[in-house]
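Here is what each chain is made of, one letter per residue.
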Amino acid sequence: MKKWLRSSWSGIGIAVLGIGMMAYGIYRGEMAVVLTKAINICLECIGIG
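Residues numbered from 1 in each chain as written. Predicted model: local features only at pLDDT ≥ 70, side-chain atom pairs only at ≥ 80, totals over all residues. Heavy atoms only, no water.

Undergrad: Even after reading the chapter, I still don't get the overall build of the protein chain, so can you show me in this structure?
TA: Each helix and strand counted, the protein chain has 3 helices and 0 strands in total. When its helices and strands are written in sequence order, the protein chain yields α-α-α. Taken across its 49 residues, the protein chain has 4% of its residues classed as buried. Accessible surface, the protein chain as shown: approximately 4700 Å² in total, 73% of it carbon and sulfur. (Helix = DSSP H or I, 4+ residues; strand = E, 2+ residues; numbered from the N terminus. Buried < 20%, exposed > 50% of the residue type's maximum accessible area, 1.4 Å probe, protein only. Areas by Shrake-Rupley, 256 points an atom, 1.4 Å probe, with all protein chains shown as cover.)

This is how it looks when you write it as structure tokens:
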């Protein structure tokens, strides 16, 4: 198992999977939801919201 985790193909595969998941989330419109939540959290920490 350790040899498989250290191979370069596993890193490339995990990176491709992550990029694919990010693209799917952007396609579904999740980026706007996450950005809105991040803005609300930042404004609450500052004390404006």
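Undergrad: Please clarify how a nonpolar patch on the surface should be interpreted in this entry.
TA: On the surface, L35, I39, L43, I46 and I48 cluster together to form a nonpolar patch covering roughly 500 Å² of accessible area. Locating I39 in the fold gives a position in helix α3 (residues 30-46). (Patch = residues over 30% accessible without salt bridge, like charges linked within 9 Å, V, L, I, M, F, W, Y side chains within 5 Å. Salt bridge = Lys/Arg side-chain N within 4 Å of Asp/Glu carboxyl O.)

Undergrad: Honestly, α3 in this entry has me stumped. Any pointers?
TA: Each turn of an α-helix holds 3.6 residues, which means side chains three or four residues apart point in the same direction. End to end, α3 covers 25 Å across 17 residues, agreeing with the expected 24 Å (1.5 Å per residue, within 8%). Two residues or fewer past α3, G47 is found with a positive phi of approximately 105 degrees. (Expected span 1.5 Å × (residues − 1).)

Undergrad: Could you clarify how one ought to interpret the confidence of the model for the protein chain in this entry?
TA: A low pLDDT score tells you not to read the predicted coordinates there in detail. Counting all residues, the mean pLDDT for the protein chain is 87, and 86% of those residues have values of 70 or more. Here helix α1 (residues 2-6) is the element of the protein chain with the lowest mean pLDDT, 65, and helix α2 (residues 8-28) is the one with the highest, 93. (pLDDT = per-residue confidence, 0-100.)

Undergrad: For this particular structure, what's the right way to read α2?
TA: For α2, which comprises 21 residues, the first-to-last C-alpha distance of 31 Å matches the rise-based estimate of 30 Å (1.5 Å per residue) to within 8%. After α2 finishes, the residue G29 shows a positive phi value of roughly 90 degrees.

Undergrad: Even after reading the chapter, I still don't get the state of the cysteines, so can you show me in this structure?
TA: Should the sulfur atoms of two cysteines be covalently bonded, the bond is a disulfide. Within this structure, the stated rule accounts for 0 disulfides. Looking at the unpaired C42, the closest cysteine sulfur is the one in C45, lying at 6.5 Å. (Disulfide = S-S within 2.5 Å.)

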